[in-house]
Amino acid sequence: MDFFETLKARHSIRKYVEGAKVEESALTAILEACNAAPSAGNLQGYRIIVVRSDDQKSAVAEAAYGQTFITNAGVLLAFVADFSVSAERYGDRAQLYAIQDASIAATVACYAATDLGLGTCWIGAFDDDQMAKVLGVPEGSRPVAVIAVGKPDQSPSGRSRRPLDDIAREGKYDGPGFGGA
Ligand SMILES: Cc1cc2nc3c(=O)[nH]c(=O)nc-3n(C[C@H](O)[C@H](O)[C@H](O)COP(=O)(O)O)c2cc1C
């Protein structure tokens, strides 16, 4: 798929074909795409936790306030920011950088999966402590996003977006524009 076609083809998928697995080769391709993402100082201050078992998927869904649709995704990829990785070099900015590193990698996962014909949904609504427990994430690290990846069982049309001149400004910030949500 052409890059801009892939951008347009990605939509949040909240219905997956039950029992459809994500091929190992596809998963590896997605993880390799993530690994090519930029990161602050190239430190890659994040980890990706691959969740495959039904039990752990259910526990993740529960931590995500009962978003059970993700249990039908073939695999869940949890992106965890590791603050300690960049703390030594970046001090106060380490947390911000690690969260950005994790978010960029998660974004790349969404588009790589789309390019492979898979559906994704970004899950950001969850109880931090509960999610950390389910994923075994220690103090000093923080789950940032869970990306559900699976065979789509729906074809949503694109959500509307704000007009460009509402999100892009020349030279200076002049307040949030909420014209076209
Ligand atoms: C930071 C963030 C958090 C999100 N959290 C959730 C979530 O918990 N559950 C969900 O179903 N979708 C979630 N989404 C998906 C958005 O609802 C979705 O991207 C948005 O409505 C635009 O639709 P589209 O992805 O189809 O373009 C999240 C997206 C982002 C970027």
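Residues numbered from 1 in each chain as written. Predicted model: local features only at pLDDT ≥ 70, side-chain atom pairs only at ≥ 80, totals over all residues. Heavy atoms only, no water.

Chemist: How should I be thinking about the side chain of Asp101 in this particular structure?
Modeler: Relative to the elements of secondary structure, Asp101 occurs in helix H5 (residues 94-115). For the buried Asp101, which has no salt bridge, the nearest side chain bearing the opposite charge is Arg47, at an N-O separation of 8.9 Å. Apart from residues lying up to four places away in sequence, Asp101 is in contact with Ser39, Ala40, Gln44, Gly45 and Tyr46. (Helix = DSSP H or I, 4+ residues; strand = E, 2+ residues; numbered from the N terminus. Buried < 20%, exposed > 50% of the residue type's maximum accessible area, 1.4 Å probe, protein only. Lys, Arg positive; Asp, Glu negative; His and termini not counted. Salt bridge = Lys/Arg side-chain N within 4 Å of Asp/Glu carboxyl O. Contact = heavy atoms within 4.5 Å.)

Chemist: Teacher, can you tell me more about helix H6 (residues 128-135) here?
Modeler: Each turn of an α-helix holds 3.6 residues, which means side chains three or four residues apart point in the same direction. Taken residue by residue, H6 has Met131, Ala132 and Leu135 as its buried positions. Projected down its long axis, H6 shows its buried positions confined to an angular sector of 100 degrees, all on one face. Opposite the buried face of H6, by more than 90 degrees, sit the exposed residues Asp129 and Lys133. Check the buried side of H6 and you find it contacts strand E1 (46-51), helix H3 (54-63), strand E2 (75-82) and strand E4 (141-150). At the N-terminal end of H6, a side-chain oxygen is found 3.2 Å from the backbone nitrogen of Asp129, two or three residues along, and the residue is Asp127. (Arc of directions from axis to C-beta. Polar contact = N/O pair within 3.5 Å; in protein donor to acceptor, adjacent residues only side chain to side chain.)

Chemist: Explain the sheet that holds E2 here, please?
Modeler: Sheet strands associate in pairs through backbone hydrogen bonding, adopting either a parallel or an antiparallel arrangement. Taken in spatial order, the four strands make up an open sheet running E1-E2-E4-E3, and their pairing is antiparallel. A strand with exactly one partner marks an edge of an open sheet, and here the two such strands are E1 and strand E3 (119-123). This sheet shows a mean twist of 20 degrees between the axes of neighbouring strands, independent of strand direction. Of the pairings in the sheet, the one linking E1 to E2 comprises six bridges and is antiparallel in character. Within the sheet, the bridge partner assigned to Ile49 lies in E2 and is Ala78. Together, E1, E2 and E4 form the strand contacts of H3, whose direction differs from that of E1 by roughly 120 degrees. Each of E2 and E4 is contacted by helix H4 (residues 83-90), which is oriented at about 30 degrees to E2, the strand it contacts most. (Pairing = 2+ DSSP bridges. Axes fitted to C-alpha atoms, helices over the stretch in contact; angles between N-to-C directions.)

Chemist: For this particular structure, what's the right way to read the pairing of E2?
Modeler: Side-chain direction in a regular strand flips from residue to residue, so the side chains alternate between the two faces of the sheet. Along E2, eight of the eight residues are buried, which leaves the element largely enclosed by surrounding structure. Burial of the side chains of E2 extends over both faces: Val75, Leu77, Phe79 and Ala81 are buried on one face and Leu76, Ala78, Val80 and Asp82 on the other.

Chemist: Looking at this structure, how should I read the packing of H4 against H5?
Modeler: A packed helix pair is summarised by two numbers, namely the angle formed by the two axes and the spacing between the axes. Orientation of H4 relative to H5, taken along the N-to-C sense of each, is 135 degrees, at an axis distance of 8 Å. Taken together, the axis directions place H4 and H5 in an arrangement best described as oblique. For H4 against H5, the interelement crossing comes out right-handed. Across from Phe83, Ser86, Ala87 and Tyr90 in H4, the residues of H5 making contact are Ala94, Gln95, Tyr97, Ala98 and Ile99. Taken together, the residues that form the contact of H4 with H5 break down as seven nonpolar, two polar and no charged. (Parallel < 35°, antiparallel > 145°, perpendicular 65-115°, else oblique. Left-handed = near helix turned anticlockwise from the far one by under 90°. Nonpolar A, V, L, I, M, F, W, Y, C, P; charged D, E, K, R; others polar.)

Chemist: Looking at this model, I keep getting lost on the packing of H3 against H6. Mind explaining?
Modeler: Interhelical geometry of H3 versus H6 gives an angle of 170 degrees and a closest axis separation of 9 Å. The orientation of H3 with respect to H6, classified from their angle, is roughly antiparallel. The handedness of the crossing between H3 and H6 is left-handed. Here Gln56, Ala59, Val60, Glu62 and Ala63 of H3 lie close against H6, whose contacting residues are Gln130, Met131, Val134 and Leu135. Taken together, the residues of the contact of H3 with H6 sort by class into six nonpolar, two polar and one charged.

Don't take any of this as a statement about function, it's just geometry.
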